[in-house]
Amino acid sequence: MEKKTIGLLFIIVVLLLFSGCSNGKQAKIKTINHVDTGVLRKSAGTYVGDASKDREIIRHLAGGETLKTIDLTGQSMKIIYGHKEGGVFSEEEINEYWFNGKDRALKNFYFNGIYLTLLVPNAKGYSLQVNESRLSLSRDKMVSVLSRHFSDFPQGEKSWDKKAVSHFIHTNESKIKEMAVHYKQYF
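So, here's what we can say about the structure. Since this is a predicted model, take the numbers as computed values, not measurements.

Moving on, we come to helix 7 (residues 162–181). In helix 7, a bend of some 70° at N172 exceeds every other bend along the element. Looking at the packing, one finds that the buried side of helix 7 touches helix 2 (37–41), helix 5 (104–119), helix 6 (139–149) and helix 8 (183–186). With a side-chain oxygen lying 3.0 Å from the backbone nitrogen of K163, the N-terminal cap of helix 7 falls on D161.

Written out as structure tokens, the structure reads:
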């Protein structure tokens, strides 16, 4: 009888430990270094206006877990990040993420803008905003900058070729990160 009681207590303690460890917030907001470009590459050739696919791309980019709204009017992408009522993250957590004192908002905006240029080739421009921090980029400017720094940047019909875009992203992933982190040198 004593062995059964001790065994039962041991099982209860183990279950309590596991449940206690899983009650904390597990979700984290993605940084540039934690974006899975393999998932993004599958979205090459997405049309602006395909709201579900556009939203999915944004959610896989840096800070995507904080997507508040997206407006696709006029073939432009206006993306607003921030706190949503009932969301996973508090307003304080979101502000701490975006405004960490190291230009994270702008670095993320440029990083996301580069990937949106690659993945949504018919978008005319991108406006990214969190609180009062905003960046607007035209597709023409992004293509100009990217084609100047990458000889293999897919343009014209190649910008719709999933294999070409996927290969470009795979080959140039570290350079894209570098451009976003050191955006002042490139844009």
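For the rest of this paragraph, the subject is the sheet that holds strand 2 (residues 76–81). On the basis of which strands lie adjacent, the open sheet formed by four strands has the order 1-2-3-4 and mixed pairing. The open sheet has two free edges, formed respectively by strand 1 (67–71) and strand 4 (133–138), since each of these has just one partner strand. In this sheet, neighbouring strand axes are inclined to one another by 10° on average, regardless of whether the strands run parallel or antiparallel. Of the strand pairs in this sheet, strand 1 and strand 2 are connected by four bridges, and their pairing is antiparallel. Considered in strand 2, the bridge of D71 is made with K78. Of the strands in this sheet, strand 1 and strand 2 touch helix 3 (residues 51–60), which is tilted by about 140° from strand 1.

Core analysis: the largest hydrophobic core is formed by 50 residues, its most contacted members being M77, I79, F111, Y115, L116, L118 and L119. The element contributing the most residues to this core is helix 5, with nine residues. Residue contacts for F111: discarding those within four places in its chain leaves I32, V35, L61, A62, I176, K177 and A180.

Relative to the helices and strands, E178 resides in helix 7. Residues E178 and F111, spaced 67 residues apart in sequence, show a C-alpha to C-alpha distance of 9.1 Å. A polar contact of 2.5 Å, which involves the side chain of E178, links it to the side chain of Y186.

About the cut-offs
- Residues numbered from 1 in each chain as written.
- Predicted model: local features only at pLDDT ≥ 70, side-chain atom pairs only at ≥ 80, totals over all residues.
- Heavy atoms only, no water.
- Bend = angle between axes of the 7 residues up to and from the residue.
- Helix = DSSP H or I, 4+ residues; strand = E, 2+ residues; numbered from the N terminus.
- Contact = heavy atoms within 4.5 Å.
- Polar contact = N/O pair within 3.5 Å; in protein donor to acceptor, adjacent residues only side chain to side chain.
- Pairing = 2+ DSSP bridges.
- Axes fitted to C-alpha atoms, helices over the stretch in contact; angles between N-to-C directions.
- Core = buried A, V, L, I, M, F, W, Y, C linked by side-chain atoms within 4.5 Å.
- Buried < 20%, exposed > 50% of the residue type's maximum accessible area, 1.4 Å probe, protein only.

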